[in-house]
Amino acid sequence: MVTAEKLYEKLKDIQVGNPVCRFTRENCELLLPTIQRIEDLKREKNAIILVHNYVAPQIYYSVADFTGDSYGLSKKAKESNADVIVFSAVRFMAETAKILNPGKMVLDPNPNGGCSLADGITANDVIKLRKEFPDHTFVCYINTTAEVKAQCDVCVTSSNVYGIIEKIPNDKIYFLPDRLMGENVIAHLKTRGVYKDIQLWDGTCYVHEEYQPESIDQVRNNFEDVEILVHPECNSSVVDKADYVGSTSQMLDHVRESKRDTFFLLTECGLTGVLQSEFPEKTFAGSCTLCKYMKSNSLEDILNVLENPGPNSIVEINPETQKRALQCVDRMFEYTS
Ligand code: 13P
Ligand code: SF4
C-alpha cells in the first residue's frame, strides 16, 4: 500500500486545476485511513480499480490498479479475472467494462458521471438515422451509452479513430456523436488521399470545444521550442496548429519520448497533473480546464461503493443490449489487433 511519504512524492509537483490539486504531506496523511480501508476491501472482494487519466491525482496515485485512456482501460476490463471491477471515471466507461466482461460485478463510484458527448445522443436517434442512411457503416465513439453502441457497427476511441475509419471497407460512414472529432477525421483522411462520405452527428465535448487557436499562438510567442499536444475532441482550427494529436495515454507516451522540455496541452487538467508529477524537470505551459464529470470522483465514493454499493452504482445492462454492444466494441479490438 502507498505510504503518506510516497503519495506526497507523487503529488507535490502538481500545480494545476483547483486548490484540491495542491498537496502537502499532511493532506496525504489525512487520506491514508480511507486508502487503507479501500485496499482492505479490494483484497476481501477480489476487486480491481481502474482509473482514467483525468481523475483526481489523489485517486490516480493511491488506489488505482491500472490507469489509462478509455482504450487501455477497456482492454484491462476485458482481460480482468477479478470478481469486482471498480471504474473510477464516467458512466460510459463503466458501462463499457460491463459490456466487455458481463459476468463480473462492475461498480461505478460516480453513477451521475455523465459526459456531454454520451448524453447528447440516444438509441432512438441512431435507429432513425439508420433508416435515413441505410448504406452507411455506423461508427460510434466510445463516449456513448451501451444502448447507442448496441445500434452501431464499430466502436472507436480517440487512440484509434483515424486508423479504423480509414480501414473500414465502406466509403460511406456515419460517425457519432462528436462532430469536431469527425471533422478532424475527414481532414486527416484528406492528408492521406482518402475521401469518404462521412456524415456527422452534432455533439461536442463541453471541455474540448472551448479551446481556441489563439491560445496556441500566444504560447508559441512566449515559450521558445514549445511542443503543442491536443486531444482529437478539439476543433480543427486547434488541431491544425498542434504538433501532436492523440488520446490521453498517447499524449503521455509522447511527452515521455519527446526530446523537448516545454509542452502545452489542450485537454483536461488531470493529464497535465499526471505529466507534472511524472516529469518534474519539464515545463507545462498555460492553463487547462476541468471536466466536472471526471472531477466528481472521490476516494470516499470509492470506499462507499466497495463497502455498500447502491443500486445505481452496480452497472447492469439488459442482456440483449449487452450482446449487441459487445459486437460493436469487439469490432474495435479486431481492427486494432
Ligand atoms: P481518452 O480515451 O483519450 O482518454 O479520452 C476520453 C475522454 O473522455 C476525453 O475527453
Ligand atoms: Fe466527456 Fe468531455 Fe468529460 Fe471527456 S472531458 S468525459 S468527452 S465531457
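See the structure above.
The shown structure was predicted, so the numbers you read here are calculated from the model rather than taken from an experiment.

Asks: Describe the overall build of the chain, and please don't skip the residues or the numbers.
Replies: Each helix and strand counted, the chain has 15 helices and twelve strands in total. Taken over the C-alpha trace, the chain has a radius of gyration of 20 Å; the compact-globule value for 337 residues is 20 Å, and the two agree within 12%. Based on the C-alpha atoms only, the size of the chain along its principal axes is roughly 60 × 55 × 30 Å. In the chain, which comprises 337 residues, the share counted as buried stands at 56%. Relative to all contacts within the chain whose residues are 6 or more apart in sequence, the contacts with residues 24 or more apart total 66%. Positive and negative charge centroids in the chain, built from 36 and 49 side chains respectively, lie 4 Å apart.

Asks: Outline the site of ligand 2, listing residues and values.
Replies: Close to ligand 2 lie Tyr-54, Cys-115, Ser-116, Leu-117, Asn-143, Cys-205, Tyr-206, Val-207, Glu-233, Cys-291 and Tyr-293. Judged by the fraction of its atoms near the pocket grid, ligand 2 is located in the largest cavity. Within the shell around ligand 2, the residues separate by chemical class into eight nonpolar, two polar and one charged.

Asks: Residues and numbers for the site of ligand 1, please.
Replies: Taken together, His-52, Tyr-54, Asp-69, Ser-70, Met-93, Asn-143, Ser-158, His-208, His-231, Glu-233, Ser-247 and Thr-248 form the complete shell of residues around ligand 1. Here an oxygen atom of ligand 1 sits 2.6 Å away from a polar atom, N or O, in the side chain of His-52. With respect to ligand 1, the side chain of Tyr-54 contributes an N or O atom lying 3.5 Å from an oxygen atom. For ligand 1, whose unbound accessible area comes to 300 Å², protein coverage reaches 96%.

Asks: Just give me the short version of the nonpolar core, but keep the residues and values in it.
Replies: If you look at the biggest cluster of nonpolar residues, it comprises 119 residues, and the most contacted ones within it are Ile-165, Phe-175, Leu-176, Ile-228 and Leu-266. The contacts of Phe-175, once residues within four sequence positions are left out, are Val-139, Cys-140, Tyr-141, Val-156, Val-161, Ile-165, Met-181, Gly-182, Ile-198, Gln-199, Leu-200 and Trp-201.

Asks: Mind laying out the layout of surface pockets, listing which residues take part and the relevant values?
Replies: Size it by volume and the largest pocket reaches roughly 150 Å³. Around the largest pocket, the lining is made up of 13 residues, and of these Tyr-211, Ser-215, Phe-264, Leu-266 and Ser-287 lie nearest the centre. Elements supplying a minimum of two residues to the lining of the largest pocket: α10 (213-222) and β11 (262-266). A breakdown of the residues in the lining of the largest pocket according to their chemical character gives six nonpolar, six polar and one charged.

Asks: Give a detailed account of unusual backbone geometry, specifying residues and quantitative values.
Replies: The step from Leu-176 to Pro-177 runs through a cis peptide bond, and the omega angle for that step is -5 degrees. Within the secondary structure layout, Pro-177 lies in the loop between β7 (172-176) and α9 (179-191). A positive phi angle, near 50 degrees, is found at Asn-46, a position not held by glycine. Of note in the backbone geometry, Asp-225 takes a positive phi value of approximately 65 degrees without being a glycine. Assignment of secondary structure puts Asp-225 in the loop between α10 and β9 (227-230). Its relative accessible area of 54% is what places Asp-225 among the exposed residues.

Asks: I'd love a proper account of the pattern of salt bridges, names of residues and values included.
Replies: Oppositely charged side chains are able to pair whenever their charged atoms sit close together. Taken as a whole and judged by the stated rule, the model has 20 salt bridges. A salt bridge links Glu-307 to Arg-37, with the shortest nitrogen-to-oxygen separation between them at 3.3 Å. Of this pair, Glu-307 sits in helix α14 (residues 299-307) while Arg-37 sits in helix α2 (residues 25-45); the two residues are 270 residues apart in sequence, bridging distant segments of the chain. In this structure Glu-307 comes out as partly exposed when scored by relative accessible area, which is 39%. With a closest N to O distance of 3.0 Å, Arg-130 and Asp-153 form a salt bridge. Taken together, the residues span a long stretch of sequence, with Arg-130 in helix α6 (residues 123-132) and Asp-153 in the loop between α7 (146-150) and β6 (154-156) at a distance of 23 residues.

Scoring rules and cut-offs
- Residues numbered from 1 in each chain as written.
- Chains lettered and ligands numbered in written order.
- Predicted model: local features only at pLDDT ≥ 70, side-chain atom pairs only at ≥ 80, totals over all residues.
- Heavy atoms only, no water.
- Helix = DSSP H or I, 4+ residues; strand = E, 2+ residues; numbered from the N terminus.
- Rg over C-alpha atoms; globule rule 2.2 N^0.38 Å.
- Buried < 20%, exposed > 50% of the residue type's maximum accessible area, 1.4 Å probe, protein only.
- Contact = heavy atoms within 4.5 Å.
- Lys, Arg positive; Asp, Glu negative; His and termini not counted.
- Charge placed at Lys NZ, Arg CZ, Asp CG, Glu CD.
- Near = heavy atom within 4 Å.
- 1 Å grid on protein atoms, 1.4 Å probe; cavity = no way out; pocket = protein on both sides within 12 Å on 5 of 7 lines; lining within 4 Å.
- Sits in = over half its atoms within 2 Å of the grid points.
- Nonpolar A, V, L, I, M, F, W, Y, C, P; charged D, E, K, R; others polar.
- Polar contact = N/O pair within 3.5 Å; in protein donor to acceptor, adjacent residues only side chain to side chain.
- Areas by Shrake-Rupley, 256 points an atom, 1.4 Å probe, with all protein chains shown as cover.
- Core = buried A, V, L, I, M, F, W, Y, C linked by side-chain atoms within 4.5 Å.
- Points joined across faces, edges and corners; volume = space filled by probe spheres on them.
- Salt bridge = Lys/Arg side-chain N within 4 Å of Asp/Glu carboxyl O.

Everything listed here is a matter of geometry and, on its own, says nothing about what the molecule does.
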